[in-house]
Amino acid sequence: MSKLLRIGSEHVGCKGKLAGGAVAALVTVYGVSKIYSHMITRSTRNEKQSHRNISGRRDATQDQTSEESGKSKAVSPGVNREFFLQLKKLIKLLIPGLWTKEFAILTLHTAALVSRTFLSIYVAKLDGRIVKSIVQRDVHQFLWQLSHWIFIAVPATFVNSLIRYLECQLALVLRSRLVEYAYKLYFENQTFYRVSNLDGRLTNADQCLTDDITMFTQALAHLHSHLSKPLLDVTLMSITLWRLARSRGASSRIPTVVAMVVIVITFKLLRSLSPRFGKLVAEEANRKGYLRYIHSRVIANAEEIAFYGGHKVELNLIRRSYKALSEQMNLIYWKRLWYIMLEQFLMKYVWSSSGMVMVAFPIMTTRARKSDGSLVDEDADGGVSDRTQYFTTSRNLLINAADAIERMISSYKEVTELAGYTSRVSEMLDVFVEVSHGKYERNVVISAQRHKGAQNKIEGPLEIRGKVIDTESSIIIEDMPIITPNGDVVVPSLSFKFHAGKHLLITGPNGCGKSSLFRIFSGLWPVYKGKLHKPPPSQMFYIPQRPYMSIGSLRDQVIYPDSLEDVRNKNLTDQDLEHILGIVHLQQIVHREGGWDAVQDWKDVLSGGEKQRMGMARLFYHKPQFALLDECTSAVSIDAESRIYQAAKDAGITLLTITHRPSLWKFHTHLLQFDGEGGWRLEELDTATRLSFNEEKQRLETQLAGIPKMQHRLRELCSILGEDSVLLRRNEEFAESSD
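Fair warning: this is a prediction, and the values are worked out from it, not measured in the lab. (Residues numbered from 1 in each chain as written. Predicted model: local features only at pLDDT ≥ 70, side-chain atom pairs only at ≥ 80, totals over all residues. Heavy atoms only, no water.)

(A) Quick peek at the overall build of the chain. Helices and strands together make up the secondary structure of the chain, namely 24 helices and 13 strands. Residue burial in the chain is summarised as follows: out of 739 residues, 42% are buried. Within the chain, residue pairs in contact and separated by at least 24 positions form 79% of the contacts whose partners lie at least 6 positions apart. Surface exposure of the chain reaches about 40,900 Å², of which carbon and sulfur atoms provide 57%. (Helix = DSSP H or I, 4+ residues; strand = E, 2+ residues; numbered from the N terminus. Buried < 20%, exposed > 50% of the residue type's maximum accessible area, 1.4 Å probe, protein only. Contact = heavy atoms within 4.5 Å. Areas by Shrake-Rupley, 256 points an atom, 1.4 Å probe, with all protein chains shown as cover.)

(B) Examining the sheet that holds strand 5 (residues 504-507) more closely. Within the open sheet, the six strands sit side by side as 7-10-11-5-12-13. Their pairing is mixed. Two strands close off the open sheet at either side, each with one partner strand: strand 7 (540-543) and strand 13 (680-684). Strand-to-strand twist across the sheet, computed as the mean angle between neighbouring axes with direction ignored, equals 15°. Two elements, strand 7 and strand 10 (residues 626-630), share four bridges in a ladder whose sense is parallel. Within the sheet, the bridge partner assigned to isoleucine 543 lies in strand 10 and is leucine 629. (Pairing = 2+ DSSP bridges. Axes fitted to C-alpha atoms, helices over the stretch in contact; angles between N-to-C directions.)

(C) Up close: a nonpolar patch on the surface. A cluster of nonpolar side chains, Val139, Leu143, Leu146, Trp149 and Ile150, forms an exposed patch at the surface whose accessible area comes to about 460 Å². Within the secondary structure layout, tryptophan 149 lies in helix 6 (residues 139-186). (Patch = residues over 30% accessible without salt bridge, like charges linked within 9 Å, V, L, I, M, F, W, Y side chains within 5 Å. Salt bridge = Lys/Arg side-chain N within 4 Å of Asp/Glu carboxyl O.)

(D) Representation of the pattern of salt bridges within the structure. One pass over the full model with this rule turns up 20 salt bridges. The partner of arginine 292 in a salt bridge is aspartate 211, and the shortest N-O contact between them spans 3.1 Å. Here arginine 292, found in helix 10 (residues 277-300), pairs with aspartate 211, found in helix 8 (residues 205-247); they are 81 residues apart in sequence, far enough to count as distant. Linking arginine 681 and glutamate 683 is a salt bridge whose minimum nitrogen-to-oxygen distance equals 3.4 Å. On the basis of relative accessibility, which here comes to 42%, the residue arginine 681 falls in the partly exposed class. For glutamate 683, a relative accessible area of 32% corresponds to the partly exposed category.

(E) Inspection of unusual backbone geometry at higher detail. Between tyrosine 560 and the following residue, proline 561, the backbone shows a cis peptide bond with an omega angle of 5°. Located in the positive-phi region is glutamine 190, a residue other than glycine, with phi close to 60°. As for its placement among the helices and strands, glutamine 190 is situated in the loop between helix 6 and helix 7 (191-197). Backbone geometry at histidine 585 places phi at a positive 60°, although glycine is not the residue there. Of note, histidine 585 is situated in the loop between helix 17 (574-583) and helix 18 (588-592).

(F) A look at helix 21 (residues 638-650). If you check helix 21, its first and last C-alpha atoms are 18 Å apart, about what 13 residues at 1.5 Å a residue would give, namely 18 Å. Of all the residues in helix 21, the buried ones are Ala640, Glu641, Ser642, Ile644, Tyr645 and Ala648. If you follow the buried residues of helix 21, they end up packed against helix 17, helix 20 (608-622), strand 10 and strand 11 (654-658). A positive phi of about 80° marks glycine 652, the residue just after helix 21. (Expected span 1.5 Å × (residues − 1).)

(G) Broad picture of the sheet that holds strand 3 (residues 474-483). Across the sheet, which stays open at both edges, the five strands sit in the order 1-4-3-6-2 with mixed pairing between neighbours. Among the strands making up the open sheet, the edge pair consists of strand 1 (456-457) and strand 2 (467-470). In terms of strand pairing, strand 3 meets strand 6 (residues 531-534) through three bridges, oriented antiparallel. Bridged to isoleucine 476 within strand 6 is histidine 533. The strands touched by helix 14 (residues 514-521) within the sheet are strand 3, strand 4 (488-499) and strand 6, with strand 3 carrying the most contacts at an inclination of about 120°.

(H) Local environment of the packing of aromatic side chains. Counting across every chain of the model gives ten aromatic pairs. Plain terms: the ring middles of tryptophan 334 and tryptophan 338 are 5.8 Å apart, the flat faces sit at 75° to each other, and that makes the pair edge-to-face. Residue tryptophan 334 and its partner tryptophan 338 are located together in helix 12 (residues 311-365), separated by four residues, close to a single helical turn. Pairwise contacts between aromatic rings join Tyr186, Phe187, Phe192 and Phe432 into one cluster. (Phe/Tyr/Trp six-rings, centres within 6.5 Å; stacked < 30°, edge-to-face > 60°.)

(I) Looking closely at the packing of helix 5 (residues 101-135) against helix 6. Two elements in contact, helix 5 and helix 6, have axes whose closest approach is 8 Å; the angle formed by their N-to-C orientations is 160°. By the criterion of interaxial angle, the relationship of helix 5 to helix 6 is roughly antiparallel. Helix 6 is crossed by helix 5, and the crossing has left-handed handedness. Residue composition of the contact of helix 5 with helix 6, by class: 24 nonpolar, eight polar and seven charged. (Parallel < 35°, antiparallel > 145°, perpendicular 65-115°, else oblique. Left-handed = near helix turned anticlockwise from the far one by under 90°. Nonpolar A, V, L, I, M, F, W, Y, C, P; charged D, E, K, R; others polar.)

(J) Molecular detail of the pairing of strand 13. Across five bridges, the pairing between strand 12 (residues 670-674) and strand 13 is antiparallel. Directly across from leucine 672, in strand 13, lies its bridge partner leucine 682. The turn joining strand 12 and strand 13, which pair antiparallel and follow one another in sequence, is formed by five residues; a positive phi near 85° is taken by glycine 676.

(K) Representation of the environment of serine 274 in the model. Examined against the element boundaries, serine 274 turns out to sit in the loop between helix 9 (253-273) and helix 10. You can call serine 274 buried: its relative accessible area is 15%. Between the alpha carbons of serine 274 and tyrosine 412 there is a distance of 8.8 Å; along the sequence they are 138 residues apart.

(L) Structural view of the nonpolar core. Among the nonpolar cores identified, the biggest contains 64 residues, and Phe216, Met428, Leu517 and Phe521 are the most heavily contacted of them. Broken down by element, the residue count for this core peaks at ten residues, all from helix 13 (residues 384-436). Residue contacts for leucine 517: discarding those within four places in its chain leaves Ile477, Met480, Ile482, Leu494, Ile506, Leu672 and Phe674. In terms of nonpolar packing, the next biggest core, distinct from the first, is built from 33 residues, Leu554, Leu581, Met616 and Phe667 among them. (Core = buried A, V, L, I, M, F, W, Y, C linked by side-chain atoms within 4.5 Å.)

(M) Layout of the confidence of the model for the chain. In the predicted model, the chain carries a mean pLDDT of 78, and the fraction of residues at 70 or more is 74%. Within the chain, the lowest mean pLDDT, 38, falls on helix 1 (residues 2-9), and the highest, 94, falls on strand 11. Every residue in residues 1-74 is under pLDDT 50, and counting partners more than four places away or in other chains gives 72 contacts. Counting interchain partners and residues more than four positions distant, the pLDDT-below-50 stretch residues 446-450 has seven contacts. (pLDDT = per-residue confidence, 0-100.)

(N) A look at helix 20. For helix 20, which comprises 15 residues, the first-to-last C-alpha distance of 22 Å matches the rise-based estimate of 21 Å (1.5 Å per residue) to within 8%. After helix 20 finishes, the residue lysine 623 shows a positive phi value of roughly 50°.

(O) Here's a closer look at the side chain of glutamate 314. Inspection of the secondary structure puts glutamate 314 in helix 12. For glutamate 314, a relative accessible area of 14% gives the class buried. Those residues in contact with glutamate 314 that lie beyond four places of it in its chain are Arg297, Val298 and Ile305.

Pasting the structure below:
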């Protein structure tokens with residue numbers, strides 16, 4: 001090194017230029033580090049302010065959650081032990097064994113990366129030989145080496161394209177494997193319902209199942225290219241450079257020390273000043289999911305919003321959500337701006353100058369010898385061509401090695417982003433597994449308004465202590481409460497026995513627990529206490545007030561959720577299905593809509609009454625032992641409704657009905673009545689007596705409804721005549737005495 005500096009200082013003014021350049025470089029590095037630190041502090045404040053803004057907006061549109069839940073979610077993803085444990089677990093899911101498609105593509109991808117490294121070394125040496133032939137003015141040798149260059153270009157370009165292709169294929173097969181596993185969990189044990197209604201950890205499961213899985217697998221496949229190949233490049237090219245220096249009799253210690261010092265300083269600076277990209281990316285994905293959730297709410301409730309004229313409110317919500325997302329994205333772009341600036345300054349210019357020193361040192365400080373022992377300087381051209389070949393080859397190898405090290409160091413940013421996606425995907429899968437096994441964590445709403453009909457509220461986590469036992473033909477409830485997922489106790493204790501063949505009418509005010517009881521029967525809500533003996537889900541069929549219309553043909557609407565293969569296994573034909581539609585007075589839609597194979601958007605094609613009758617058609621198709629009917633014929637005429645209920649009784653189906661129509665009372669034998677205050681009673685239903693009471697109630701309501709109008713007219717007459725009314729004075733005196 002001293003000799004190199006001495007040679008450089010022999011030129012006039014070189015000492016001053018070297019000193020000035022060194023001082024300028026130090027000042028530049030110091031200034032960049034100070035400016036970057038200031039930018040980090042400023043962007044961190046912006047991040048906190050943006051986080052407070054989005055938190056405030058979400059509080060305005062969502063219920064306020066408990067403080068404990070907020071603290072538990074404050075942990076941000078990062079490159080730590082938790083990240084490596086999550087990644088290890090996910091890799092076992094992605095590549096379950098050696099004899100899998102995923103491992104085969106990974107092996108091919110790795111082989112392509114290795115071959116590309118050897119091609120890079122060969123091209124670097126070939127470039128040196130071409131430059132040597134140019135300096136020597138050897139036309140024959142130049143053409144020969146140039147033919148090698150053209151020949152090697154074919155496999156080199158193919159390998160480059162193959163690497164990109166295999167990276168995309170690797171990301172795709174990893175995504176397919178993870179999607180299949182996630183979908184299996186999502187649709188197992190009604191997890192798709194429980195994760196959004198009984199558990200509060202995943203606010204946007206659709207975002208996790210689509211975008212998060214895609215970004216995670218793409219980042220993982222891309223990171224494999226940015227880590228495995230650079231490691232191999234650095235190793236093989238360092239060995240090649242060491243052999244090249246040794247062949248010229250030069251020492252590689254000083255260039256190695258220079259390289260290590262520059263790399264360590266660069267890594268330390270970038271590591272200490274790197275923003276927390278994992279946390280930033282995770283928050284960006286969260287805000288994307290929230291924006292999608294707002295859009296899906298508008299689509300799902302478009303008719304109601306249009307009726308109310310609430311488009312301005314929804315537009316403001318979408319604008320605020322998008323603004324929060326754009327602020328987060330701008331924050332990421334802002335931090336990347338200064339980070340990439342510092343990264344490029346260190347890895348391009350500082351490393352280039354260091355590389356020049358590393359290449360020039362062996363050339364300027366040693367006298368190379370050939371294999372026969374003669375000096376290179378004794379050649380006819382004074383060793384210029386040989387030194388040029390060495391310089392070109394070493395420079396190309398150093399550029400490739402520096403590029404590999406740059407990718408390794410810059411990949412830390414990609415690792416932190418991968419940590420964000422890994423955290424979200426791992427959390428999603430953990431929630432799916434826990435929810436599938438009945439373990440829920442819900443943010444209990446802190447509000448002054450309780451669930452309508454709730455008598456008290458359970459504070460803290462809800463514990464599932466009840467038991468569900470399958471029976472054949474009866475429903476037995478022993479000391480079972482009706483509790484909402486928010487912890488509101490609607491009915492403290494419910495106990496009764498009900499056998500098949502009887503028919504139960506369930507009544508009560510809104511919010512008293514009628515539909516909640518059906519959710520417990522269907523297995524959607526857990527039994528938190530007591531015992532529930534009931535038939536298996538295959539023998540209980542629930543029909544809501546708004547039946548779900550699936551995507552598919554007209555036949556699919558009748559047999560839902562069965563498939564065409566299930567219909568064949570039951571030995572049913574289209575004529576049988578048409579007979580079922582005749583029971584509910586829908587046989588005309590087969591010809592109206594173009595046959596059984598017609599595919600339409602059935603939720604828009606069918607009217608409200610037709611959709612409810614289609615739901616009842618599914619009841620006659622499946623023929624369960626118990627039917628849970630929740631206001632399922634409220635849009636059907638009374639005559640058609642009566643015929644449908646009578647047909648269900650004739651088919652041997654036990655009815656459990658929630659309805660407000662007195663016309664359906666005659667089809668039931670027992671009455672379960674909730675009072676809305678936690679009380680209930682079960683008794684035999686005397687339809688005639690109950691109908692007479694109902695008629696008397698309606699007459700009294702009609703008569704009493706006219707009294708306020710007559711009193712108002714009497715006051716107007718007294719005002720016109722300027723007289724008092726004895727009746728009004730007595731009523732006022734009675735009201736004062738009552739107070």
